Amino acid sequence: MNKPTISGYTTSYNCIEMEYPIELCLKSLLPFCDEVIVVDAGSTDGTIELLERLSKIDARIKVFVEPVDFNHPRWAIHQDGYLKRKAREKCVGEYCWQTDSDEIVAPSSYDRIKLLPPFLEQTGAKIMMLPMVEFWG
């Protein structure tokens, strides 16, 4: 039986300026994800360049830019829901792991996360939300 594939995905916007730990976020996904998709809203603070450097170091990190019109009255919906949908559309794994750019997965969780796809298959569950501790913001 083949190992199920997992696509991690997140969105970003000016993570350097906001002091979000985007690099640590992405590196914390790599131990259990077969690919990590990042869709950026059109950062202007060097975030895109950082993401591109990281993608050159590890080809599993795939960066896309989908500029958001921050003058649009519904920009917040576009930045969050629209970009997450765009990221999911680019995922090729059998399972998806969504994270925000200010979240980091603890190394102690990696082995347990790898057990989730077989659990989902056994239970027939289509989605799962796990507990988290928010330290940022």
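Shown above is the structure to which this text applies.
1. Quick look at the sheet that holds strand 4 (residues 95–98)
With parallel pairing, four strands are arranged side by side in an open sheet as 3-2-1-4. Here the strands that pair on one side only, and so sit at the sheet edges, are strand 3 (61–65) and strand 4. Taking each pair of neighbouring strands and ignoring which way they run, the sheet shows an average axis angle of 25°. Two strands pair when backbone bridges link them, and strand 1 (residues 6–12) and strand 2 (residues 35–40) are joined in this way by six bridges, in the parallel orientation.

2. Notes on helix 6 (residues 116–123)
Within helix 6 the residues assigned to the buried category are L116, P117 and L120. Buried residues along helix 6 cover an arc of 100° about the axis, so they all sit on one side. Among the residues trailing helix 6, G124 stands out with phi positive, at a value near 80°.

3. A short note on the packing of helix 2 (residues 22–29) against helix 3 (residues 47–57)
The geometry of a pair of packed helices is captured by two quantities: the angle between their axes and the separation between those axes. Packing of helix 2 against helix 3 leaves a shortest axis separation of 11 Å and a crossing angle of 30°. One way to sum up the angle between helix 2 and helix 3 is to call them roughly parallel. Like other packed secondary-structure pairs, helix 2 and helix 3 cross with a definite hand, here right-handed. Contacts between helix 2 and helix 3 involve I22, E23, L26 and K27 from the first element and L50, L51 and L54 from the second. Its residues assigned to classes, the contact of helix 2 with helix 3 shows five nonpolar, no polar and two charged.

4. Some words on the side chain of K84
By the element assignment, K84 lies in helix 4 (residues 75–90). The residues touching K84, leaving out its near neighbours within four places in the chain, are Y9, T11, Q98 and D100.

5. Some details on the packing of aromatic side chains
The tally for this structure, following the rule as stated, stands at three aromatic pairs. Relative to W97, the ring of F32 lies with its centre 5.1 Å away and its plane at 75°, an arrangement referred to as edge-to-face. Remark: W97 occurs in strand 4 and F32 occurs in the loop between helix 2 and strand 2; sequence separation between them is 65 residues. Measuring from ring centre to ring centre gives 5.9 Å for F32 and Y110, while their planes differ by 40°; the resulting arrangement is tilted. Residue F32 is found in the loop between helix 2 and strand 2, and its partner Y110 is found in helix 5 (residues 110–114); the two are separated by 78 residues along the sequence. Note on F32: relative accessible area 4%, which makes it buried.

6. Some details on helix 3
Residues of helix 3 that are buried: T47, I48, L50, L51, L54 and S55. What you see down the axis of helix 3 is that its buried residues fit within an arc of 160°, all on one side. Helix 3 presents R53, K56 and I57 as exposed residues on the side facing more than 90 degrees away from its buried surface. On its buried side, helix 3 packs onto strand 1, helix 1 (15–18), helix 2, strand 2 and strand 3.

Scoring rules and cut-offs
- Residues numbered from 1 in each chain as written.
- Predicted model: local features only at pLDDT ≥ 70, side-chain atom pairs only at ≥ 80, totals over all residues.
- Heavy atoms only, no water.
- Pairing = 2+ DSSP bridges.
- Helix = DSSP H or I, 4+ residues; strand = E, 2+ residues; numbered from the N terminus.
- Axes fitted to C-alpha atoms, helices over the stretch in contact; angles between N-to-C directions.
- Buried < 20%, exposed > 50% of the residue type's maximum accessible area, 1.4 Å probe, protein only.
- Arc of directions from axis to C-beta.
- Parallel < 35°, antiparallel > 145°, perpendicular 65-115°, else oblique.
- Left-handed = near helix turned anticlockwise from the far one by under 90°.
- Contact = heavy atoms within 4.5 Å.
- Nonpolar A, V, L, I, M, F, W, Y, C, P; charged D, E, K, R; others polar.
- Phe/Tyr/Trp six-rings, centres within 6.5 Å; stacked < 30°, edge-to-face > 60°.

Shape descriptors only; they carry no functional weight alone.
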